[in-house]
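Chains, contacts and geometry: an overview
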Amino acid sequence: MTALAACPACAGIDVADATPRDAAGEVHHIALPAIHCAACIAGVEGVLARTPGIRATRVNLGRRRVRVVADPGRGAAPALAALDAAGFEAHELDADVLTEADPAGRLLLARIAVAGFAMMNVMALSVAVWSGAGDATRALFHWVSATIALPALAFAAVPFFASAGAALRAGRVNMDVPIALAIGLAAATSLHETVAGLGADTWFDAALSLTFFLLAGRYLDHRARAAARSAAAELTALEIPRATCLDEGVRRTVAVAAIVPGDRIALAPGARAPVDGTAATAIRVDRSALTGEALPVPVLAGGEICAGDTILDAPLVLHATARAEDSTLRRIAALVEVAETARHRHSGIADRAAALYAPLVHGLAALAFAGWWATTGDLHLAVGIATAVLIITCPCALGLAVPAVTATATARLFRRGVLLKSATALERLAEVDTVLLDKTGTLTQGAFDAPALDPDAAGIALTLAQASDHPVAQSLAAALAEYAPAPVEALREVAGEGVHGRWRGRPVFLGRGPGGTELRLPGRTIPLPVTERLRPGAATLVDALRRDGIAPILLTGDRPAAAEALGRRLGLTEIHAGLRPENKTALIRDLQAQGHRVLMVGDGINDTAALAAADVSMAPATALDAARVASDAVILAADLDAIVEARRAARRALRRIRQNLALAALYNALAIPLALAGLASPLAAAIAMSASSITVVLNAVRP
């Protein structure tokens, strides 16, 4: 996996992925997990613009993918080959399962804009009424206010009335029922006053203010949730949509969904297996996406190949043993889907506080109406007081108490390199008492440190390493880039062994030896004990967690020896190695059954089910798309110190949320008696409600 550093362009660029309308042709979606800045966009589009058969391209940096329009019948192969040759990691995605842009946010913004515009205009008209306008002017302004307010409410307040109606039809009461009642009563009473020409005050401004502030709170909550797309769908999109089957020696391209057990599939070096199967010949595969294993895995003839494995070294004929829907990748997707369903049962503090809210509000409003009507016999007065009670107790402050803190903390953490995606992530992160850390790609960068070599040995090692696609060889080549390559001839790589060559007529070798990786030169053998490079901040993260009383746990699909070596370097005492995705999920379930709140930090497809199953989860920006989607937060910073900062910010945010809830409760304790006593009109109730909301927001945004 390529280690990337977050760059400023990533935060500011989100290029649309819509294809130009006049660019007819076959549309293909290609994942580009390594792109991270504006220069990457220019590079990708430049490469594809020079590729024959490509009509149009559009890169979406936020989703790390490119939409390609190719000539009919050409497929995505030319684009994939061009991108690979240019050094861009590229994988074709299945467009049928990609999530679309969410229109709900745009509609919610439109409702907020309409409510805000109407509220300001009606309030401006109300100033003249409050200033003592004459009866004719007052009546005119009431009609103008009604003309503005009623259409605006008919559009902007739809979410509250729709939700309340659905709840009542189901025989239950939710938070939107008192809101809809308050808005409806304020608007209906005001319209009656206007039509009857009684000259009394109207409360169109109160209804609009209530709608505007509640919509603002709802939008904050929506934005916090909008980034979380279905990880199961993203995993499915990672599957290859087409494959090349061998039918009596004839190659034909078929949809992966049409592959059945017994089909023979031709795979080129660098291609990913579309379904589970067995290898016709011995081969090495890159299984890091599924297991986290950093090194290539040798597979003997007849050995198992999993969907998602990348073929190395040489072409391979794969004998399919399962259909696409039964592949390893689909089973992981199913695990993620189940885990995400469980996560949705997490309820925030505001949700729990609101469980008792609706019955209390309805009871108070009903008592106020019945008491005042029975006492005075004035129906108009009783309705006005009941409306004031509903407005003054509307959950605007309660609705903003959590989203305002979440939005503020999210923005601050984003500037520090952590992107929060879940509305309740801060609350859950603050309660964490157990932290699980993946190894490869999370605590380590997938690169390797090489020991010091003399110039001759370094030059030979560099030439041999450059002739191999093995991750260790590539890392050695990068570490020795300052040396001049030696003139090594007759280079030949043997799968599972290493690279052979001849230097000054004598044999040299770089690869696997009895004690590990070694460099064999004429007359001497130099061991190369490579060690994985720690990600910046890894040691600081482990120390900070220990100071907070948390013993982090290392879990990985890598070999036990590699995991234990890393554990010794970081001082980790609990290590679980050789785990498959279902094993990681089972471990999390066991910890949760013991009463622990679990934070999972991982980066691969093999981690997605665990990320979704944990109480809260985080993934580095360099993680695969599926892991980033399954997580509650993405670590944009290269330094893992960001995890420590996120946890501290979460604890501060939880304190701020509790303060906001206390402020909202204090407001209700002071305001409700005034409304019940008939000392607050609906307009005064709306002003008081707005003041409480502003107080909550100011407390949320303070340093």
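1. A short note on the sheet that holds strand 8 (residues 277–279)
What holds strands together in a sheet is hydrogen bonding between their backbones, with the strands either parallel or antiparallel. The strand order 6-5-7-13-8-11 describes an open sheet built from six strands, whose pairing is antiparallel. Of all the strands in the sheet, the pair left with one neighbour each is strand 6 (250–255) and strand 11 (304–305). Bridge count between strand 8 and strand 13 (residues 316–320): three bridges; the pairing is antiparallel. What sits directly across from Gly277, in strand 13, is Ala320.

2. Looking at the confidence of the model for the chain
Averaged over the chain, the pLDDT score is 77; the fraction of residues at 70 or greater is 77%. Contacts from residues 224–232, a stretch scored under 50 in pLDDT, to residues over four places away or in other chains number 25 contacts. In the predicted structure, residues 338–347 sits below a pLDDT of 50 and forms 22 contacts with residues beyond four places in sequence or in another chain.

3. What about helix 7 (residues 176–196)?
In this model helix 7 runs 30 Å from its N-terminal to its C-terminal C-alpha over 21 residues, within 8% of the 30 Å that 1.5 Å per residue would give. Backbone geometry just downstream of helix 7 places Gly197 in the positive-phi region, at approximately 65°.

4. Side note on unusual backbone geometry
Positive phi, close to 55°, is recorded for Ala490, a residue that is not glycine. With respect to the helices and strands, Ala490 occurs in strand 17 (residues 488–494). Taking relative accessible area as the criterion, Ala490 reaches 57% and is therefore assigned exposed. Positive phi is not limited to glycine here, since Arg504 has a value of about 55°. Examined against the element boundaries, Arg504 turns out to sit in the loop between strand 18 (498–503) and strand 19 (506–513).

5. Comments concerning the side chain of Thr194
In this structure, Thr194 sits in helix 7. The exposure class assigned to Thr194 is buried, which follows from its relative accessible area of 5%. Filtering out sequence-adjacent residues up to four positions away, Thr194 remains in contact with His142, Trp143, Thr202 and Phe204.

6. Things to note about the nonpolar core
Val418, Leu443, Leu599, Met618 and Ile643 are the most contacted members of the largest nonpolar core, which totals 43 residues. Here this core gets ten residues from one element, more than from any other, and that element is helix 24 (residues 641–676). Residues Ile179, Leu215, Leu364 and Ala671 belong to the second largest nonpolar core, which totals 42 residues.

7. What about the pairing of strand 19?
Here six bridges tie strand 18 to strand 19, and the two strands are oriented antiparallel to one another. Pairing of Trp503 across the sheet is with Arg506, part of strand 19. The hairpin turn running from strand 18 into strand 19, its antiparallel successor, is two residues long, and Arg504 in that turn takes a positive phi close to 55°.

8. Concerning a nonpolar patch on the surface
Taken together, Ile694, Val697, Leu698 and Val701 make up a surface patch of nonpolar side chains, about 320 Å² in accessible area. Position of Val701 among the secondary structure elements: in helix 25 (residues 682–701).

9. Quick look at the sheet that holds strand 10 (residues 297–299)
On the basis of which strands lie adjacent, the open sheet formed by three strands has the order 10-9-12 and antiparallel pairing. Strand pairing shows two members of the sheet lacking a second neighbour, strand 10 and strand 12 (310–311), which therefore form its edges. Sheet topology note: the strand 9 (residues 283–286)/strand 10 ladder contains three bridges and is antiparallel. Paired with Arg284 across the strands is Pro298, a residue of strand 10.

Rules behind the numbers
- Residues numbered from 1 in each chain as written.
- Predicted model: local features only at pLDDT ≥ 70, side-chain atom pairs only at ≥ 80, totals over all residues.
- Heavy atoms only, no water.
- Pairing = 2+ DSSP bridges.
- Helix = DSSP H or I, 4+ residues; strand = E, 2+ residues; numbered from the N terminus.
- pLDDT = per-residue confidence, 0-100.
- Contact = heavy atoms within 4.5 Å.
- Expected span 1.5 Å × (residues − 1).
- Buried < 20%, exposed > 50% of the residue type's maximum accessible area, 1.4 Å probe, protein only.
- Core = buried A, V, L, I, M, F, W, Y, C linked by side-chain atoms within 4.5 Å.
- Patch = residues over 30% accessible without salt bridge, like charges linked within 9 Å, V, L, I, M, F, W, Y side chains within 5 Å.
- Areas by Shrake-Rupley, 256 points an atom, 1.4 Å probe, with all protein chains shown as cover.
- Salt bridge = Lys/Arg side-chain N within 4 Å of Asp/Glu carboxyl O.

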